[in-house]
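Descriptive analysis of the structure
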Amino acid sequence: MTEKIKNIINKKNKTKIVCLTAYSKNQTSLIDKYCDIILVGDSLANVLYGMNNTHKINLDIMIRHAISVKSGINRSLLVVDMPKGTYSNIASAKKNAKLLISKTKCDAIKIESNNKNSHIIKGLVKANINVMGHIGYTPQYKSKFEVQGKSLKSQSNLIEEAKKIEQAGAFSIVLECITSNTSKEITKKLKIPTIGIGSSVFCDGQILVTDDLLGLSGFYPKFVKKYANISKIIKKAVNQFRKEVKTKKFPMKKNYY
Ligand code: KIV
């Protein structure tokens, strides 16, 4: 385990962990200073590529974006999502994770849980690969959005799933859209940090999709807080450009040769 990973684990019960997604160098260089972890999430399928889900994103696309993000990182831990279908068994998980790490120099990979793949995490950790788990609403495995952990049964299943992932050697775990009671229980029972998205203040850290919090994606469910409205700023600037082109105010002499 690297010092950077140990530093993340050591934040549990001391300070909240700040995580955001990034898909490019420019975006990363703006947010890196404020983050502990930057995730190249497969949410780029929806956010950048306009797909309905994350199922068709392949390893090559993740590698390209992760290389771009890596070139903008100075301090944050870089985690990259393994796309659906790239970790169906230990051998393919190892082969694909090693390729991802060697091409991008990321610090860790994230895999979504289907409650049957903790042995994959174990295999990856044994091969010295740092793994972040992901439970609750896991878009690679669930077709319909549903808040998780509402019933006692669902709560105890999620607690067991989280423990299995910890025992397999993951260094942290994303809790996506899990009720506050359940995420509080999971966070209490684990030694590794939990990173919440739509899963309450009781988690050890929080993650959001950067494009959502900036008001760029047009996707604003309850768990997203829009901290800025960049869309409005872009529209205003582009409209001004259009007007100046039409009225021949742009380019001015100083803008051409
Ligand atoms: O793909 C992603 O961006 C994610 C986060 C929302 C946790 O998995």
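Scroll up to find the structure this text is about.
Report follows, based on the coordinates. The structure presented is a predicted model; accordingly, all values stated were derived computationally and were not measured.

1. Re the site of the ligand
The immediate surroundings of the ligand are formed by Thr21, Leu39, Gly41, Asp42, Ser43, Asp81, Lys110, His134, Val174 and Ile197. Between an oxygen atom of the ligand and a side-chain N or O atom of Asp42, the distance comes to 3.1 Å. When the free accessible area of the ligand is taken as 260 Å², the share hidden by the protein chains comes to 94%. Residue classes in the shell around the ligand are distributed as 3 nonpolar, 4 polar and 3 charged.

2. Observations regarding the sheet that holds strand S1 (residues 17-21)
Read around the closed barrel, the 8 strands follow the order S1-S2-S3-S4-S5-S6-S7-S8; overall the barrel is parallel. Taking the axes of each pair of neighbouring strands and ignoring which way they run, one obtains an average angle of 25° across the sheet. Relative to strand S2 (residues 37-40), S1 runs parallel, the two sharing 3 bridges. Paired with Thr21 across the strands is Leu39, a residue of S2. Contacts from helix H1 (residues 3-10) reach S1, S2, strand S3 (77-81) and strand S4 (108-110) within the one sheet, and its direction differs from that of S3 by about 90°. Here helix H7 (residues 152-168) sits on the sheet in contact with strand S5 (131-136) and strand S6 (172-176), set at roughly 175° to S5.

3. What about the nonpolar core?
Counting residues in hydrophobic clusters, the biggest one holds 49 residues, and the most contacted among them are Ile109, Ile135 and Ile186. Looking at this core element by element, the count peaks at 6 residues for helix H4 (residues 59-70). Beyond its immediate sequence surroundings of up to four residues, Ile135 is in contact with Ser113, Leu158, Glu161, Ala162, Ile165, Ile173, Val174, Leu175, Glu176, Ile178 and Ile186. Counting 15 residues, the second-largest nonpolar core is a separate cluster that includes Cys19, Ile37, Leu39 and Val174.

4. Regarding the packing of aromatic side chains
Aromatic ring pairs are defined here through the distance separating the ring centres and the angle between the ring planes. Under the definition given, this model contains 3 aromatic pairs. Measuring from centroid to centroid gives 6.4 Å for Phe219 and Phe223, while their planes differ by 65°, and the two rings are edge-to-face. For Phe219, a relative accessible area of 47% puts it in the partly exposed group. Ring plane angle 65° and centroid distance 5.8 Å describe the contact between Phe241 and Phe250, whose orientation is recorded as edge-to-face. The ring of Phe202 is capped by Lys184, whose NZ or CZ atom sits 4.6 Å from the centre of that ring.

5. Remarks on the pairing of S2
Covered by surrounding structure in S2 are Ile37 and Leu39 together with Ile38 and Val40, the residues of both alternating faces. Crossover connection from S1 via helix H2 (residues 25-31) to parallel S2: handedness right-handed. Here S2 runs beside S3; their pairing, made up of 4 bridges, is parallel. Paired with Ile38 across the two strands is Leu78, which belongs to S3.

6. Digging into a positive patch on the surface
Taken together, Lys94, Lys98, Lys122 and Lys126 make up a surface patch of like positive charges. For the positive patch, the secondary-structure elements that each account for two or more residues are helix H5 (90-104) and helix H6 (118-126).

7. A few points about helix H8 (residues 180-189)
Looking at H8, one finds that the buried residues are Thr182, Ser183, Ile186 and Thr187. Relative to the axis of H8, the buried residues are bounded by an arc of 130° and lie together on one face. For H8, the exposed residues set more than 90 degrees away from the buried face come down to Asn181 and Lys188. For H8, the elements touching its buried residues are S5, H7, S6 and strand S7 (194-197).

8. Points about the pattern of salt bridges
All chains considered together, the criterion is met by 9 salt bridges. For Lys189, the salt bridge goes to Glu185, with nearest N and O atoms at 3.2 Å. Note that Lys189 and Glu185 are positioned in helix H8 at a spacing of 4 residues, about one turn of the helix. Each of Glu185, Lys188 and Lys189 takes part in a single network of salt bridges with overlapping partners.

9. Looking at a nonpolar patch on the surface
The grouping of Leu216, Ile234 and Val238 at the surface amounts to a nonpolar patch, some 240 Å² of accessible area in total. Relative to the helices and strands, Ile234 resides in helix H10 (residues 230-246).

10. Description of the packing of H6 against H7
Interaxial distance between H6 and H7 falls to 8 Å at its minimum, and their mutual angle equals 20°. When the axis of H6 is compared with that of H7, the two are roughly parallel. By crossing handedness, the relation of H6 to H7 is classed as right-handed. Mapping the contact onto sequence places Ser118, Ile121, Lys122 and Val125 in H6 and Lys164, Ile165 and Ala168 in H7. Of the residues that constitute the contact of H6 with H7, the class distribution is 4 nonpolar, 1 polar and 2 charged.

Criteria and thresholds
Residues numbered from 1 in each chain as written. Predicted model: local features only at pLDDT ≥ 70, side-chain atom pairs only at ≥ 80, totals over all residues. Heavy atoms only, no water. Near = heavy atom within 4 Å. Polar contact = N/O pair within 3.5 Å; in protein donor to acceptor, adjacent residues only side chain to side chain. Areas by Shrake-Rupley, 256 points an atom, 1.4 Å probe, with all protein chains shown as cover. Nonpolar A, V, L, I, M, F, W, Y, C, P; charged D, E, K, R; others polar. Pairing = 2+ DSSP bridges. Helix = DSSP H or I, 4+ residues; strand = E, 2+ residues; numbered from the N terminus. Axes fitted to C-alpha atoms, helices over the stretch in contact; angles between N-to-C directions. Contact = heavy atoms within 4.5 Å. Core = buried A, V, L, I, M, F, W, Y, C linked by side-chain atoms within 4.5 Å. Buried < 20%, exposed > 50% of the residue type's maximum accessible area, 1.4 Å probe, protein only. Phe/Tyr/Trp six-rings, centres within 6.5 Å; stacked < 30°, edge-to-face > 60°. Lys NZ or Arg CZ within 6 Å of the ring centre and 35° of its normal. Right-handed = clockwise from strand over helix to strand, strands pointing away. Patch = residues over 30% accessible without salt bridge, like charges linked within 9 Å, V, L, I, M, F, W, Y side chains within 5 Å. Salt bridge = Lys/Arg side-chain N within 4 Å of Asp/Glu carboxyl O. Lys, Arg positive; Asp, Glu negative; His and termini not counted. Charge placed at Lys NZ, Arg CZ, Asp CG, Glu CD. Arc of directions from axis to C-beta. Parallel < 35°, antiparallel > 145°, perpendicular 65-115°, else oblique. Left-handed = near helix turned anticlockwise from the far one by under 90°.

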